[in-house]
Amino acid sequence: MNRLSYIIRRLIQMIPVFFIVTVLVFVLIRCIPGDPALTMLGDRATHEMIEAYRQKIGYYDPLWLQYFIFLKDLLHFDLGSSLRYSEPVINLILERLPVTIGLTVSVVFFTVVIGFPLGFMAGKKRNKLPDYIIRIYSLFGLSAPQFWVGLMLLLMFGVKIKLFPVSNWGDTLPEHIMALILPGITQALGIMAVIIRNLRNNVVDISGTSYVTFARSKGLSEGRIDLRYIFRNALLPTTTILSLWIASLLGGCIIIETVFNLPGLGALMINSVLSRDYSVIQGGVLIFVITVLIINLITDIIYSMLDPRVTLN
Amino acid sequence: MENNILEVKNLKMHYVSKYETVKAINDISFSVKKGETFGLVGESGCGKSSVCKTLLQLLPPNAKFMGGSIKYKGKELIGLSNKELQKIRGREISMSFQELMTALNPVTKVKEQIYEQFIGLKMTKQEKYAKAVNLLKLVGIPSPEQRLEEYVHQFSGGMRQRIMIAIALAAQPSMLLADEPTTALDVTIQDQIIKLINSLKETLGMSIILVTHDLGVVSQMCDSIAVMYAGSIVETGDTLTIFSKPRHPYTEGLIRSMPKDDGSKDRLESIEGAPPNLNNLPKGCSFAERCKYATEICINQMPPLKEVGENHYSKCFHTDLLINSKGLIEL
Ligand SMILES: Nc1ncnc2c1ncn2[C@@H]1O[C@H](COP(=O)(O)OP(=O)(O)O)[C@@H](O)[C@H]1O
Ligand code: SF4
Ligand SMILES: [Mg+2]
């Protein structure tokens, strides 16, 4: 099956999932205690004003009709307007999405460039000192609270050494990149613990397989065996785990964006929850869901490129 | 010995763990003549694969080399550096593995796994391709151009065996260690592989160590054989001699328990019992427990490898009792 038709089929399969999510979001939002009219108009609104507002937003329409209108707007990329910012939700999201995507890329980058070599080394030097050090790290790495790690890094490299900006997203691309380094490392330090442990164990397992011994019997250099046989194969399960983490990272970005004061989706979401900005929450959740679905699709495609035994279907 | 390509002397190797020591190779000596097929025969677990891997020094970390000498074309292989060994492996001596389904890299194309054997040779892309196609043809893989682009999981067991042999031959070694090349294949494919290896010997003049537990295969392929039991060679000699006049009780038993020629499953007889545990070998003859000729001395002392005929040795105290033993072939 060719790659393009696979992608199209997967995208089509996403549609029903997406609809189910819209229903859930729609219902859940209406379960949150609070009255949008009151929130919008404030405590001193008169009964008449509230009634008029309710009529306007269709508060008394049957639920199915409200859902239908919600869907119709959605299809026009209209996610409603923010109460807090008085701006279309879609604009708010599109403004902040690049920051969160940038953060994700930064996290993945640091996880890969630091975690992969360390995991590989721990596996190659198993039961020697580097392995023990790396294993101890991977035991504790995940349990260190991220806001604390982030603050420590900020204090050290932002405030003391002034290597990186503190709470400053900046205006130019280089400034943005600088602003993404520390948060990227902070988040990566946690995920790396899992990645390193997984890669280490895979390297140990793969090193004992017959195909590695056979490769040696062919007279290949150890460097080539490491790269083409051990690393290539050890990476396969790690890729899956990394992609699961990337998906869950979207949730984690709420903490990191708050600590580092990044104007990303996570920060937007937390502010909106605090101020009961319903339409923003609603839009944010939908964007998260779409992103997770797309990340899964990309992972499956990458995996099929890495492992020829896996076919796309 | 000018015409010996390989001479192995007093080879010993153990697998050591915290809990036990598996004495996998116990003082083994044999030699392989240039251009011959030498059979290493014995029940599963007697140490055949361990011998092959020791020859190429491919042992896992828990293996402990306990001494001995491996001379290839007069040159000692024990003590060579990893770099020096890399020049021997694949280029002088190559090995096809018993583990058909797992011995090839699952994530790279067959083509790449063959091309790897051309590293260091000055060959153009076209030459590599042509040579790879020829190799696949040589080992009898149909439509080689297409199959070079495929991955291992797209091949059947028999085809994987051929690919493994093609890879093993790619750097034109003088010697091939074929570890159970016919095991786990069905009978018609077995015959094809036997014919293939026999033809390699004839057309390429290779020396081959054939490892198998199947005496039928040995009789069709080998010029001389060594019979292994519990990590030792118990009898060695020309194939014809051993099949006609076995001088070790274990060999005699093996030959008598071969399936009949007419293909019926009945055996004349079979050897009762099981081989001893390699982590707890008896101090005397390791076959004593199953041997119908065993006496007091067999239990208390280790029998020496005795010359019992021209180029024919047996590790037994009572070789005389077998002087009239008849094998399958009547001379
Ligand atoms: N890596 C290993 N660690 C410990 N014991 C091993 C290892 N490989 C093989 N053995 C043991 O060594 C003995 C000989 O094995 P092997 O050489 O594979 O025999 P064969 O090839 O004749 O079947 C067996 O008892 C086996 O269990
Ligand atoms: S030495 Fe004794 S026990 Fe061992 S094979 Fe010979 S007769 Fe049998
Ligand atoms: Mg074996």
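Residues numbered from 1 in each chain as written. Chains lettered and ligands numbered in written order. Predicted model: local features only at pLDDT ≥ 70, side-chain atom pairs only at ≥ 80, totals over all residues. Heavy atoms only, no water.

*Asks:* When you look at the pairing of strand E1 (residues 4-16) of chain B in this model, what are you seeing that I'm missing?
*Replies:* Along any regular strand the residues' side chains alternate between the sheet's two faces. Residues and elements named next belong to chain B. Summarising the sheet, E1 and strand E2 (residues 21-33) pair through 10 bridges and their orientation is antiparallel. Residue pairing across strands places glutamate 7 opposite serine 31, the latter belonging to E2. With antiparallel pairing between neighbouring strands as the criterion, E1 and E2 make up a hairpin whose turn holds 4 residues. Bridge count between E1 and strand E4 (residues 63-72): 8 bridges; the pairing is antiparallel. The partner of lysine 12 across the bridge, within E4, is glycine 67. (Pairing = 2+ DSSP bridges. Helix = DSSP H or I, 4+ residues; strand = E, 2+ residues; numbered from the N terminus.)

*Asks:* Honestly, the coordination of the magnesium ion (ligand 3) in this entry has me stumped. Any pointers?
*Replies:* For a metal with four donors in a tetrahedral arrangement, the ideal angle between donors is 109.5 degrees, while six donors in an octahedron ideally sit at 90 or 180 degrees. Protein-derived ligands of the magnesium ion (ligand 3) are Ser49 of chain B (OG) and Gln98 of chain B (OE1), with the metal-ligand distances lying across 2.0 to 2.2 Å. With serine 49 of chain B in helix H1 (residues 48-55) and glutamine 98 of chain B in the loop between strand E6 (93-96) and helix H3 (110-115), this residue pair connects regions lying 49 residues apart in the sequence. (Donors = N, O, S within 2.8 Å, 3.2 Å for Na, K, Ca; no water.)

*Asks:* Would you explain the sheet that holds E2 of chain B in this entry?
*Replies:* Two modes of strand pairing occur in sheets, parallel and antiparallel, and in both the strands are linked by backbone hydrogen bonds. Residue and element names in this part refer to chain B. In spatial order, the strands read E2-E1-E4-E5; together these 4 strands make up an open sheet with antiparallel pairing. Each end of this open sheet is capped by a strand with a single partner; those strands are E2 and strand E5 (75-76). Here E4 pairs with E5 via 2 bridges, running antiparallel. Residue pairing across strands places lysine 71 opposite glutamate 76, the latter belonging to E5.

*Asks:* Sorry, what's going on with the interface of chain A and chain B here?
*Replies:* Where interface size is given, it is often the accessible area lost as the parts come together that is meant. Each partner contributes residues to the interface: chain A has 22 residues there, and chain B has 30 residues. Both sides together, the interface formed by chain A and chain B hides about 2,100 Å², and carbon and sulfur atoms give 58% of it. Three residues, Phe214, Lys218 and Pro308 of chain A, lead the burial of chain A against chain B; their summed loss comes to 29% of the area buried on that side. Where chain A touches chain B, the interface holds 3 salt bridges. A salt bridge links arginine 224 of chain A to glutamate 116 of chain B; its shortest N-O distance comes to 3.0 Å. Taken together, the links from chain A to chain B amount to 11 residue pairs in polar contact (both at pLDDT 80 or more). Every element with two or more residues in the side of chain A that touches chain B is listed here: helix H9 (210-217) and helix H10 (222-259) of chain A. Looking at the side of chain A that touches chain B element by element, the count peaks at 7 residues for H10 of chain A. Residues of the side of chain A that touches chain B, tallied by class, amount to 7 nonpolar, 6 polar and 9 charged. (Contact = heavy atoms within 4.5 Å. Buried area = accessible area lost by both parts, 1.4 Å probe. Salt bridge = Lys/Arg side-chain N within 4 Å of Asp/Glu carboxyl O. Polar contact = N/O pair within 3.5 Å; in protein donor to acceptor, adjacent residues only side chain to side chain. Nonpolar A, V, L, I, M, F, W, Y, C, P; charged D, E, K, R; others polar.)

*Asks:* Is there a simple way to explain the environment of proline 130 of chain A in this structure?
*Replies:* Residue and element names in this part refer to chain A. Take proline 130: it is sitting in helix H6 (residues 129-140). According to the relative accessible area criterion, proline 130 is partly exposed, its value standing at 25%. On a C-alpha basis, the gap between proline 130 and glutamine 66 in space is 60 Å, while along the polypeptide they are 64 residues apart. Not counting residues within four places of it along the chain, the set of residues in contact with proline 130 comprises Met121 and Lys125. (Buried < 20%, exposed > 50% of the residue type's maximum accessible area, 1.4 Å probe, protein only.)

*Asks:* Even after reading the chapter, I still don't get helix H7 (residues 146-160) of chain A, so can you show me in this structure?
*Replies:* Side chains three or four residues apart in an α-helix point the same way, a direct result of the helix having 3.6 residues per turn. Residues and elements named next belong to chain A. Compared with an ideal rise of 1.5 Å per residue, which puts 15 residues at 21 Å, H7 spans 20 Å between its outermost C-alpha atoms and is within 8% of the ideal. At leucine 154, H7 shows its strongest bend, of approximately 30 degrees. Those residues of H7 not exposed but buried are Val149, Gly150, Leu153, Leu154 and Gly158. Within two residues after H7, lysine 162 carries a phi angle of roughly 55 degrees, on the positive side. (Expected span 1.5 Å × (residues − 1). Bend = angle between axes of the 7 residues up to and from the residue.)

*Asks:* Help me understand the pattern of salt bridges, please; the structure alone is not making it clear to me.
*Replies:* Pairing between side chains of opposite charge can happen when their charged atoms approach one another. A full pass over the atoms with the stated rule returns 19 salt bridges over all chains. Where lysine 124 of chain A meets aspartate 226 of chain A, a salt bridge forms, and the shortest distance between an N and an O atom there is 2.8 Å. Highlighted residues: lysine 124 of chain A in helix H5 (residues 89-124) and aspartate 226 of chain A in helix H10, separated in sequence by 102 residues. Here glutamate 252 of chain B makes a salt bridge to arginine 256 of chain B, at a shortest N to O gap of 3.5 Å. Here arginine 256 of chain B and glutamate 252 of chain B lie together in helix H10 (residues 249-256), a separation of 4 residues that amounts to about one turn. Assessed through its relative accessible area of 23%, arginine 256 of chain B is described here as partly exposed.

*Asks:* Quick question: what am I supposed to make of the packing of H6 of chain A against helix H8 (residues 173-207) of chain A here?
*Replies:* Any two packed helices are characterised by the angle at which their axes cross and by the distance between the axes. Residues and elements named next belong to chain A. As a packed pair, H6 and H8 sit with axes 8 Å apart at the nearest point and diverge in direction by 130 degrees. What the angle tells us is that H6 and H8 run oblique. Judged by the twist between their axes, the crossing of H6 over H8 is left-handed. Contacts between H6 and H8 pair Asp131, Ile134, Arg135, Tyr137, Ser138 and Leu139 from the former with Leu189, Met192, Ala193, Ile196, Arg197 and Arg200 from the latter. (Axes fitted to C-alpha atoms, helices over the stretch in contact; angles between N-to-C directions. Parallel < 35°, antiparallel > 145°, perpendicular 65-115°, else oblique. Left-handed = near helix turned anticlockwise from the far one by under 90°.)

*Asks:* Looking at this structure, how should I read the nonpolar core?
*Replies:* Where a protein is soluble and globular, its nonpolar side chains tend to be buried together. Among the nonpolar cores identified, the biggest contains 98 residues, and Leu6, Phe30, Leu55, Ile114, Met175, Leu177 and Ile209 of chain B are the most heavily contacted of them. With 9 residues, the single largest contributor to this core is helix H6 (residues 157-170) of chain B. Among residues more than four places away in sequence, those in contact with leucine 177 of chain B are Cys52, Leu55, Leu56, Ile93, Ser94, Met95, Ser96 and Ile209 of chain B. Core analysis: the second largest hydrophobic core is formed by 67 residues, Val25, Leu154, Leu180 and Tyr229 of chain A among them. (Core = buried A, V, L, I, M, F, W, Y, C linked by side-chain atoms within 4.5 Å.)

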